[in-house]
Amino acid sequence: MTQQIVIIGAGECGGRAALSLRDRGFVGSITLVGSEPLAPYERPPLSKDAILLSAEPKFIAQADRFASLAIDLRLGVSATDLNRSGRCVSLSDGTSVPYDKLLLATGARPRALPAMTSLNGRVRTLRSHADAMEIRSFLGPGQRVAIIGGGFIGLELAASARKLGTSVTLIEGLPRILSRGVPAEIAEAVASRHQAEGVEILCNARIDKIEQSADVAEVLLEDGSLIQADLVIVGIGSIPNTELAAEAGLAIDNGIAVDNHLRTSDPDIYAAGDCCSFPATHYGERRVRLESWRSAQEQALLAAANMMGAQETSTAVPWFWSDQYDLTLQVAGLAEGTAATVRRDLSAEAFILFHLAEDGRLLAASGIGPGNAIARDIRLAEMLIASAKTIDPAALAAPATKLKALLAA
Ligand SMILES: Cc1cc2nc3c(=O)[nH]c(=O)nc-3n(C[C@H](O)[C@H](O)[C@H](O)COP(=O)(O)OP(=O)(O)OC[C@H]3O[C@@H](n4cnc5c(N)ncnc54)[C@H](O)[C@@H]3O)c2cc1C
């Protein structure tokens with residue numbers, strides 16, 4: 001019988017899993033171990049409002065809420081060793097905690113560039129609230145920032161930095177920004193908006209060296225050009241935190257490999273959130289790893305249920321959003337294997353691209369528009385993806401056709 005549950009990683013997934021265990025009536029002991037000094041907080045604001053407002057972290061729940069639920073929250077402490085045969089985890093404070101069921105929710109960390117000699121001073125990455133506050137201290141009128149990487153985090157930071165009056169140069173190694181998971185048409189709309197806001201975007205730009213002194217940071221490109229800035233931010237993707245699992249002999253495959261129930265290769269150990277790869281429902285059980293706020297939440301609840309003995313599997317469609325200026329971009333589903341793409345214009349500024357498989361099923365939808373202009377149609381697109389119906393591309397393209405009607409058909 002499960003009496004002791006230990007969760008490693010007190011982020012989006014770990015925090016919500018702990019709360020969900022109590023919501024579901026788990027009465028045994030719960031230990032939630034997090035290497036950061038803060039109670040679980042939301043990461044998405046870190047490249048958005050937190051940077052603009054120097055805000056307090058947006059807590060998922062305060063430490064006293066965890067205490068009131070008898071969740072033993074150990075902050076500023078890392079799990080250093082996982083002893084599967086002894087069923088216990090060693091912590092950096094010299095203690096160890098026994099478990100019946102263990103959840104690894106260790107998240108991911110920013111990828112480093114080989115050209116980066118050190119990560120401090122004027123060269124930074126963004127993952128934690130502390131990172132965001134340090135970055136914020138460099139932004140403002142008269143300041144210059146160079147952002148390496150035209151992915152979501154780099155672009156959101158570029159928008160936030162511009163709003164604060166900072167000069168921004170965005171350096172992308174590939175021919176266009178957002179080349180991972182976002183169609184070119186949407187990436188172009190995003191790039192145009194950044195350029196209109198004064199961001200200088202350099203594509204096909206290969207980094208040779210990054211150097212810093214007390215006064216300035218410098219990025220030297222392979223073509224010989226030099227970009228000087230007060231701060232260089234490197235946003236070139238993330239690496240899942242799998243070391244603890246790997247050293248304990250758990251299967252790793254682009255993340256801690258789990259099955260449909262989020263169970264690792266050890267049936268008493270689960271993994272969820274950014275650190276795990278899982279078989280994607282709706283996509284032929286293809287193994288994927290997501291870095292998505294909603295997925296981390298959904299997996300937290302699923303892991304909690306299954307650690308308590310349920311045998312639930314996920315039916316969720318992958319979903320991601322990004323806010324830049326007044327624009328919101330959303331991607332639902334996985335577009336790999338697209339045979340045809342159709343465009344639906346919702347207004348002069350808002351459109352959605354639908355990606356269809358050879359057999360006419362909807363695989364993915366990606367859209368962009370101001371505020372929540374695309375939200376409803378993307379939500380319906382998620383349901384169409386989950387339904388696996390064959391859909392007439394012309395109907396998808398016609399704004400007059402209600403997606404709800406396609407769902408009901
Ligand atoms: C700046 C930023 C902006 C984002 N914006 C969006 C967005 O707009 N839309 C979206 O869908 N997603 C966004 N995301 C992604 C989303 O925040 C993540 O998918 C989500 O936080 C993943 O949750 P997690 O619990 O798996 O990992 P995390 O939230 O990273 O939590 C993992 C925790 O585990 C801790 N940990 C790691 N190893 C150990 C160990 N050995 N011992 C103890 N603790 C450990 C880490 O320190 C961390 O606190 C953003 C992420 C960032 C960084």
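For the structure itself, consult the block above.
Residues numbered from 1 in each chain as written. Predicted model: local features only at pLDDT ≥ 70, side-chain atom pairs only at ≥ 80, totals over all residues. Heavy atoms only, no water.

Trainee: Mind showing me how you'd approach the pairing of strand β25 (residues 351-356) here?
Mentor: Remember that side chains alternate between the two faces of the sheet whenever the strand is regular. Counting buried residues in β25 gives six out of six residues, a clear majority hidden from the surface. A two-sided burial pattern is seen for β25, the buried positions comprising Phe351, Leu353 and His355 on one face and Ile352, Phe354 and Leu356 on the other. Here six bridges tie strand β24 (residues 340-345) to β25, and the two strands are oriented antiparallel to one another. Within β25, the position partnered with arginine 344 by the bridge is isoleucine 352. Taken together, β24 and the strand that follows it, β25, pair antiparallel across an intervening segment of five residues. (Buried < 20%, exposed > 50% of the residue type's maximum accessible area, 1.4 Å probe, protein only. Helix = DSSP H or I, 4+ residues; strand = E, 2+ residues; numbered from the N terminus. Pairing = 2+ DSSP bridges.)

Trainee: Any chance you could explain the packing of aromatic side chains here in plain terms?
Mentor: The description of an aromatic ring pair uses the distance of the two centres, along with the angle that the planes make with each other. Here the structure, examined in full by the defined rule, presents three aromatic pairs. A centroid spacing of 5.4 Å and a plane angle of 75° characterise the contact between tryptophan 293 and tryptophan 321, whose relative ring orientation is edge-to-face. With tryptophan 293 in helix α8 (residues 293-307) and tryptophan 321 in strand β22 (residues 319-324), the pair connects residues that are 28 residues apart, well separated along the chain. For tryptophan 321, a relative accessible area of 18% translates into the label buried. Here the aromatic residues Trp293, Trp319 and Trp321 are joined through ring pairs into a cluster of three or more. (Phe/Tyr/Trp six-rings, centres within 6.5 Å; stacked < 30°, edge-to-face > 60°.)

Trainee: Please explain empty space enclosed by the protein as it appears in this structure.
Mentor: If a probe the size of a water molecule is rolled over the atoms, the empty space left behind becomes visible. On inspection of all chains with the given rule, the structure shows one cavity of 30 Å³ or more. Looking at the largest cavity, its volume works out to about 30 Å³. Looking at the largest cavity, the residues that line it are Val190, Ser322, Asp323, Gln324, Leu327, Thr328, Leu329 and Ile368. If you list the elements that add at least two residues to the lining of the largest cavity, you get β22 and β23 (327-333). (1 Å grid on protein atoms, 1.4 Å probe; cavity = no way out; pocket = protein on both sides within 12 Å on 5 of 7 lines; lining within 4 Å. Points joined across faces, edges and corners; volume = space filled by probe spheres on them.)

Trainee: How should I be thinking about the layout of surface pockets in this particular structure?
Mentor: Here the second largest pocket is characterised by a volume of approximately 260 Å³. For the lining of the second largest pocket, the element with the highest residue contribution is α8, accounting for five residues. Across the lining of the second largest pocket, the residue classes break down as nine nonpolar, six polar and one charged. (Nonpolar A, V, L, I, M, F, W, Y, C, P; charged D, E, K, R; others polar.)

Trainee: Any chance you could explain the nonpolar core here in plain terms?
Mentor: The nonpolar side chains of a soluble globular protein tend to be buried, and buried together. Among the nonpolar cores identified, the biggest contains 81 residues, and Leu104 and Leu396 are the most heavily contacted of them. Here the element with the most residues in this core is α8; it accounts for six residues. Split by domain, the residues of this core number at least three in each of domain 1 (4-109 + 239-307) and domain 3 (326-408). Contacts of leucine 396, omitting those with residues within four sequence positions, involve Val342, Arg344, Phe354, Leu356, Leu362, Leu384, Ile391, Leu403 and Leu406. (Core = buried A, V, L, I, M, F, W, Y, C linked by side-chain atoms within 4.5 Å. Domains from an automatic or database assignment. Contact = heavy atoms within 4.5 Å.)

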